[in-house]
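# Coordinate analysis (summary)
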Amino acid sequence: MVNETGLLFPTLLFFSNSFGGFVHNDTPEVRADPDNVVCYGIFDCFPITPPWTSVRRPIALYPEEPSKIDVRFAVFNGGNRTYPKFLNIDDPDTAHTTGINPDGTIYFVTHGFLESGKTKWIQRLLNLLLDKDPRSTVIVIDWGKGSNPPYNQACANIRLVGAITAHIIHMIHEELGMKNLDKVHMIGHSLGAHLSGYTGNTLQTNFGLRLGRITGLDPAELAFTETDELVRLDPSDAKFVDVIHSDATPFVPKIGLGLYEPIGHVDFYPNGGFNQPGCRRDFWKQPNTRFVSEMFQFFSCSHSRAYLYFIESITNPVSTVACSSYDKYNAGECFDCNIANPTAGASCIEFGLSSIVGYNLLVGQGIINPQQYQPIQLFFKTGPSEPYLTENFKITVRISNTPESVAHGAEIGKIFLYIHGPGGVKSEKIFFNEQSMLFEPGHNYSSVIAGYSSGHPKSMTIGWEYDTNLLNPLTWRILTAPRVFIEHLQVQSLTEHVQAKMCPTYNQPVTTNELSQVSEAKCKHKLRPMV
């Protein structure tokens, strides 16, 4: 599978690096002298020798001066969400006068490349965090003046911003008499994820303090994949590191906007970690007046889904399950939370803001040993639009082996569903299999679906899309109409731990011209709830 946004975006970055003046960046791009190390006072020195240069990082630059980056720390709380007060590293009194609550959670939120602290997703996130916990504090790290092209320079600048942030956190810790940093939670998108890692590393190295948590929202891939842990976010940067991968490419690295490799204590892969549903791929078909905006939306869509999913998780949590690969999850091979047998291994963890609760529960049960790091990869599917986080169901289709079905033979095509829930709610069209496949009489086929969030399904409408191929005789239907004989569907919920068996009218095929209704009432026997 090739990432559909990643192939072209690095090209754009190349041009932005090469033609910095076109995007109003006056910094000349030159190769820095590795023997002339740049130091910025209390923030330390920033060498560009290995591991800061490597095969994946052939060019490394020094951070720009602090005065040029001009990073700002805007403090918001339950009583002040509109006009923030700002922390000043040269004025420790600001730790007391900005309204920080040392007894509540302190969130540090930071943006990525080509953004600033005023971006809309950050405003939305801070408001939801404060809605959930009015006693908390949200501090926005705005390094927008250092996030401009060239990209290599922005990569260098986050090293300094990370160090400055560490000194700010240490100042808060000392001034407000905090015992530790267990309630300090950094949330960073793209380059901001690695910036958070630098903060965590500096706090440990310089002050002997360890962050409570870092959430990496699709950590940037370019210049960070297959690099040393010092260069990128890694599990040692905080007591708990959770990562959301939304724009990576599993088998073709180095071309997505986000990393695919697991780099946290838990790594979430919505929709496999790439090509998020609902991201438009036909931007070139739009009118010329919208071409540029549609193009950039196309490039950033999957990358931005990481923070959209995380934001939604605050009010709409969803369970996810551990699995060795997305293909196995998609085939329904990892659809068990091991509730009856918790010692069987890591299973389900709630996605997003509450993921630390599930992780700590597994640690408490002895299922996870935090002293022996082993990445936990969790998969789930989302809907194409808000609400993105919908319950996942495992659907198993049994193809009938009645004489009529056997005589008709196998069919190649797609099965699609409309799910009917309580109160007459009906889902959009959901494909059981997104690619055409062979369905044979007497066989079972399983798949995981999403896109429905209104309670347990009451019934379903099933359709069939026939796929013919002149080169494949199995798809030829000359004397008979394309059809598939379904004996029953089995629906399994991940969170409700129940199964339902739904059947069509006995021995009635599903054809390309007519939809079929399936329900529990049409089955002779219903499956009991799972124990």
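Our subject is the structure that appears above.
Presented here is an overview of the structure given in this document. Quick caveat: nothing in here was measured; it's all calculated off a predicted structure.

### Notes on the nonpolar core
- Grouped together as the largest cluster of nonpolar side chains are 57 residues, with contacts concentrated most on Phe108, Trp143, Ile172, Leu191 and Phe224.
- Leaving out residues up to four positions away in the same chain, Ile172 has contacts with Leu87, Ala95, Ile100, Ile106, Phe108, Ile139, Gly177 and Met178.
- Counting residues in hydrophobic clusters, the runner-up holds 50 residues, among them Ile244, Tyr309, Leu353 and Phe379.

### Focus on the side chain of His408
- Position of His408 relative to the elements: it lies in helix α10 (residues 403-408).
- For His408, a relative accessible area of 14% corresponds to the buried category.
- One polar contact links His408 to Glu411, side chain to side chain, over a distance of 2.6 Å.

### Some thoughts on the sheet that holds strand β13 (residues 376-380)
- Judged by pairing direction, the sheet is mixed, and its 11 strands sit side by side in the order β4-β3-β6-β5-β7-β8-β9-β10-β13-β11-β12 without closing on themselves. Only two strands of the sheet have a single neighbouring strand rather than two, namely β4 (80-87) and β12 (348-350). Across the sheet, the mean angle separating the axes of adjacent strands is 25° when strand polarity is ignored.
- By the bridge criterion, three bridges tie strand β9 (residues 238-244) to strand β10 (residues 266-270) in an arrangement that is parallel. Looking at the pairing, Val243 lines up with Asp267 of β10.
- Helix α4 (residues 120-132) rests against β3 (72-77), β4, β5 (106-110), β6 (137-142), β7 (184-189) and β8 (211-217) of the sheet, and its axis sits at about 170° to β5.
- Packed onto the sheet, helix α6 (residues 191-207) meets β5, β7, β8 and β9 and runs at close to 145° relative to β7.

### Things to note about the environment of Ala500
- For Ala500, the location among the structural elements is in strand β22 (residues 499-502).
- Overall, the relative accessible area of 2% leaves Ala500 in the buried class.
- Residues Ala500 and Leu489, 11 residues apart in the sequence, show an inter-C-alpha distance of 8.2 Å.
- If near-sequence neighbours (up to four positions away) are discounted, Ala500 is found in contact with His456, Leu489, Gln490, Val491 and Glu520.

### Examining unusual backbone geometry
- The linkage connecting Pro149 with the following residue, Pro150, adopts the cis geometry, with an omega of 0°.
- Residues Glu386 and Pro387 are joined by a peptide bond in cis, for which omega reads -5°.
- Among the structural elements, Pro387 can be located in the loop between β13 and β14 (393-399).
- Even without glycine at this site, Asn507 takes up a positive phi of about 60°.
- Assignment of secondary structure puts Asn507 in the loop between β22 and β23 (510-511).

### Topic: the side chain of Thr382
- Looking at where Thr382 falls in the secondary structure, it is placed in the loop between β13 and β14.
- Of note is the side chain of Thr382, whose polar atom sits 2.9 Å from the side chain of Asn271.
- Reaching out from Thr382, the side chain makes a polar contact with the side chain of Tyr309 at a distance of 3.2 Å.
- Setting aside chain neighbours within four positions, we find Thr382 in contact with Pro270, Asn271, Gln276, Pro277, Tyr309, Tyr388, Leu389 and Ala450.

Calculation rules
- Residues numbered from 1 in each chain as written.
- Predicted model: local features only at pLDDT ≥ 70, side-chain atom pairs only at ≥ 80, totals over all residues.
- Heavy atoms only, no water.
- Core = buried A, V, L, I, M, F, W, Y, C linked by side-chain atoms within 4.5 Å.
- Buried < 20%, exposed > 50% of the residue type's maximum accessible area, 1.4 Å probe, protein only.
- Contact = heavy atoms within 4.5 Å.
- Helix = DSSP H or I, 4+ residues; strand = E, 2+ residues; numbered from the N terminus.
- Polar contact = N/O pair within 3.5 Å; in protein donor to acceptor, adjacent residues only side chain to side chain.
- Pairing = 2+ DSSP bridges.
- Axes fitted to C-alpha atoms, helices over the stretch in contact; angles between N-to-C directions.

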